[in-house]
Amino acid sequence: MTARVTFGKDLTGLEGLSAEQIRTILDVAEPFKEISERPIKKVPALRGKTIVNLFYEPSTRTRVSFEFAEKRLSADTVNISGVGSSVQKGETLVDTARNLEAMRIDMVVVRHGSSGAAQFLADRIPSNVINGGDGQHEHPTQGLLDMLTIRDHLGGIKGHRVCIVGDILHSRVARSNIWGLLKLGAEVAVCGPPTLVPPGIEELGVQVFKRVEEAIEWAEVLNVLRLQLERMEAGYIPSLREYNRFFGISVARLERAPRDILILHPGPMNRGVEIDSHVADGPHSVILQQVTNGVAVRMAVLYLLAGGSPERAEAAKRESRE
Amino acid sequence: MSRPMVLRGGRVIDPSQGLDERLDLLVVDGRVARLGRDLDAPKGAEVAAVDGLVVAPGLVDLHVHFREPGDEHKETIRSGARAAVAGGFTSVCAMPNTDPPIDDPAAVGFLRAEGQRAGFAHVYPVGAISVGQKGEEMTEVGELAAAGAVAVSDDGQPVWNAGLMRRVLEYTKAFDIPVFSHSEELGLSRHGVMNEGPVSTALGLRGIPNAAEDVAVARDCIIAELTGGQLHIQHVSTRGAVEIIRAAKARGVAVTAEVTPHHLALTDEAVRGYRTEAKVKPPLRSAASVAAVRDALVEGVIDCIATDHAPHHYEDKEREFDDAPFGLIGVETALGVCIRELVVSGRLDLPELINRLSCRPAQIARLPAGTLAEGSPADVVVFDPEVRWICQPEEFLSLSRNTPFAGQELVGRVVMTIVDGRSVFARGADR
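Just so it is clear, the model here is predicted, and its values are computed rather than measured. (Residues numbered from 1 in each chain as written. Chains lettered and ligands numbered in written order. Predicted model: local features only at pLDDT ≥ 70, side-chain atom pairs only at ≥ 80, totals over all residues. Heavy atoms only, no water.)

> Looking at this structure, how should I read the overall build of chain B?
Per the secondary structure count, chain B includes 13 helices and 18 strands. In terms of C-alpha radius of gyration, chain B reaches 20 Å, essentially the compact-globule figure of 22 Å for 431 residues. Projected onto its principal axes, the C-alpha coordinates of chain B cover approximately 65 × 45 × 45 Å. In chain B, which comprises 431 residues, the share counted as buried stands at 62%. (Helix = DSSP H or I, 4+ residues; strand = E, 2+ residues; numbered from the N terminus. Rg over C-alpha atoms; globule rule 2.2 N^0.38 Å. Buried < 20%, exposed > 50% of the residue type's maximum accessible area, 1.4 Å probe, protein only.)

> Can you walk me through the sheet that holds strand S2 (residues 76–81) of chain A in this structure?
The strands making up a sheet associate through backbone hydrogen bonding, with each pair oriented either parallel or antiparallel. Residue and element names in this part refer to chain A. The strand order S2-S1-S3-S4 describes an open sheet built from 4 strands, whose pairing is parallel. For this open sheet the edge positions go to S2 and strand S4 (128–134), each flanked by a neighbour on one side alone. Strand-to-strand twist in this sheet, taken as the mean axis angle between neighbours without regard to direction, amounts to 15 degrees. Both strand S3 (residues 107–112) and S4 contribute to a ladder of 5 bridges, which runs parallel. Within the sheet, the bridge partner assigned to Val 110 lies in S4 and is Asn 131. Helix H12 (residues 287–305) rests against strand S1 (50–55), S3 and S4 of the sheet, and its axis sits at about 150 degrees to S4. (Pairing = 2+ DSSP bridges. Axes fitted to C-alpha atoms, helices over the stretch in contact; angles between N-to-C directions. Contact = heavy atoms within 4.5 Å.)

> Would you mind going over helix H4 (residues 162–171) of chain B with me for this structure?
Note: α-helices contain 3.6 residues per turn, so residues at a spacing of three or four share the same orientation. Residues and elements named next belong to chain B. Residues Leu 164, Met 165, Val 168 and Leu 169 constitute the buried set of H4. All buried residues of H4 fall inside an arc of 130 degrees around its axis, so they share one side. Buried residues along H4 sit against helix H3 (141–147), strand S9 (151–153), strand S10 (179–181), helix H7 (210–227) and strand S13 (231–233). At the N-terminal boundary of H4, the capping side chain belongs to Asn 161, with an oxygen 2.8 Å from the backbone nitrogen of Gly 163. (Arc of directions from axis to C-beta. Polar contact = N/O pair within 3.5 Å; in protein donor to acceptor, adjacent residues only side chain to side chain.)

> Just to check I follow, could you spell out the packing of aromatic side chains for this structure?
For any pair of aromatic rings, the description consists of the separation of the ring centres together with the inter-plane angle of the planes. All names here are of chain A. Tallied over the full model, the rule gives 4 aromatic pairs over all chains. Centroid distance Phe 209 to Trp 218: 5.5 Å. Interplanar angle 55 degrees. Geometry classified as tilted. Residue class for Phe 209 comes out buried when judged on its relative accessible area of 9%. The ring of Phe 120 is capped by Arg 124, whose NZ or CZ atom sits 3.8 Å from the centre of that ring. (Phe/Tyr/Trp six-rings, centres within 6.5 Å; stacked < 30°, edge-to-face > 60°. Lys NZ or Arg CZ within 6 Å of the ring centre and 35° of its normal.)

> Just to check I follow, could you spell out the side chain of B:Lys281 for this structure?
All names here are of chain B. Locating Lys 281 in the fold gives a position in the loop between helix H9 (261–265) and helix H10 (287–299). Within the local environment of Lys 281, its side chain forms a polar contact with the side chain of Glu 184, the two groups lying 2.8 Å apart. With near-sequence residues (within four places) excluded, Lys 281 lies in contact with Glu 184, Ile 208, His 235, Asp 308 and Phe 326.

> What am I meant to see in the interface of chain B and chain A here?
By a widely used convention, the size of an interface equals the accessible area lost when the partners come together. With 18 residues of chain B at the interface, the matching set in chain A holds 24 residues. Counting the surface lost from both chain B and chain A, the interface buries some 1500 Å², and carbon and sulfur atoms represent 54% of this. Contact with chain A buries surface across chain B, with B:Thr201, B:Glu318 and B:Glu320 losing the most and accounting together for 37% of the total. On inspection of chain B and its partner chain A, the count reaches 3 salt bridges. Linking chain B with chain A are 7 residue pairs in polar contact (both at pLDDT 80 or more), by the criterion used here. Partitioning the side of chain B that touches chain A into residue classes produces 6 nonpolar, 4 polar and 8 charged. (Buried area = accessible area lost by both parts, 1.4 Å probe. Salt bridge = Lys/Arg side-chain N within 4 Å of Asp/Glu carboxyl O. Nonpolar A, V, L, I, M, F, W, Y, C, P; charged D, E, K, R; others polar.)

Just geometry here; none of it tells us what the structure is for.
Spelled out as structure tokens, the structure:
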């Protein structure tokens, strides 16, 4: 583990992190994985810290994952969702933030439909802000848990070939994966209908496959993105059926690959659209392990932003046993 | 009438007469009485020594939004006209996208009267092209012109209906007023909040491609050619639009064009950090586009500079990028930005810059402005072309503060502004 890696106040995205910082988060997540396997899943690392989970968009996986991470570190948590709160009464984001701050909180995890919302909050309040997904910008903890999962299976990130498949244009998961994987030395590609691949994406340092067969030929890892129904309504693709036929990840397609391909998906899945059930439930799918790793990665992020040192992560894990 | 006035010893730059020399300027009865060396001051005249300063025809801005009626907390005709003179503008054309819009003669009369009552810059109304700016039914363009509208425009909204654009370009010929076009193809720009490119991809913000402007400018130029009407393209921001305008001009189409100081100075990198004060339509573009519009201005394909001064209240801008309104203010920074970007770098000399900020826009809208010829209205700007100053929005006279130039060093600043022979602004002694 590298010494003297420090973190800023916030985690708004992986674009702004160094390779060292990303590696440190993944390394710190390792000892935290084990905490979730214990009968008593709790360490006192964040005892006395108050954390608000501010979710403007519906979310099950990410919200619950953060909440478990916070609780397993002994933080006090409050969940606020868009529905049934002042958000629905038209309070502005900045006012909501200031009010939370006035209650003297330590950290905010924010999920919001607008790109830049996490940065907006981070610039205006002294608490640590963790981006739980902002619009089409970034979802840094998802990127981190994807990398942790890939590392678990391939032994590392550097030099491995990862292709992100699907709606790249609207995907915050894609952007966080691209930044994080490139920083750790992976080769990264994207593949999707050209209407859903943003212009200028090559300038980020990725290659683009127009056909999913080419991606499968090339990749060691496929990160399959959720295709939202709204994309069809907005005219980006003609139909879900056609999407599945040309871009869906099926057993038949994977069988033609020159190697076994690790299959990731950030969830929730549309079975039969972007991914067939036999693939999702198949031997190379690590989709549920991603979910398990999500808790550990989020514990690591919370711990490090709260000022925990990487060297003491092992000790923090042991503390509860002593 | 106000006292006679002598501006003594300034560098008089008046491109309308090809003048650039050290002269005295005598103003009597609100008009330029004489330009000459060592003029005698009439009895009781106010004499101002302006050595080392530039004396030029007051600047003319074809594109401002003064928000009255409807959004007086953002700007009023009075506050906007006052901010304008602080920036050296003595004539401005106010866009009709107020609430309600300026789409009938009474509204045009209101704007004129409020402008006159304020007594700062001359405020020339631009009437709406369509009733309610809905892009459907043409306004009473003749009545608007008779009431004082100097042009028509649906600015803020593009004229999506090509048939309406055809009819208004034909019909305005009877009244000899130009059609100002905010050229944007909504089918390509809808939902976009910034320039489409690597920066929008990295920020996860929805993009507006150059093509949204190019397609609309091409359509409008073709309709101008069909009709022979006078078309003025507002806020050109792309290389494609420049090439289309160049080609149209070469064919003899009656088309003119403006560019804003912010499109000459800033790229879409200014949006990074989700800076809503850099959210504007058309969006700040790539470096290649900025180079293209600068070259087009120098070459004359783009005729003039206009600010698209668009005030917004801070709470409207202090929010998520997607939800913040488009627009930024410009009348108090235009001269300093243009001298920095165009004169300091040697792209334009001062006389040519004044031509593009005063004489050319006055010609396009046929305003009695843009000249210091003897007998013309004494609308004069006096500025220090070399002073470097830091843009501090809290010092603005505009009611709004939404500028992406905050904290930047600008070059050249207005010292005094005279409208109809009256000193309406003097720095250090603001009224």
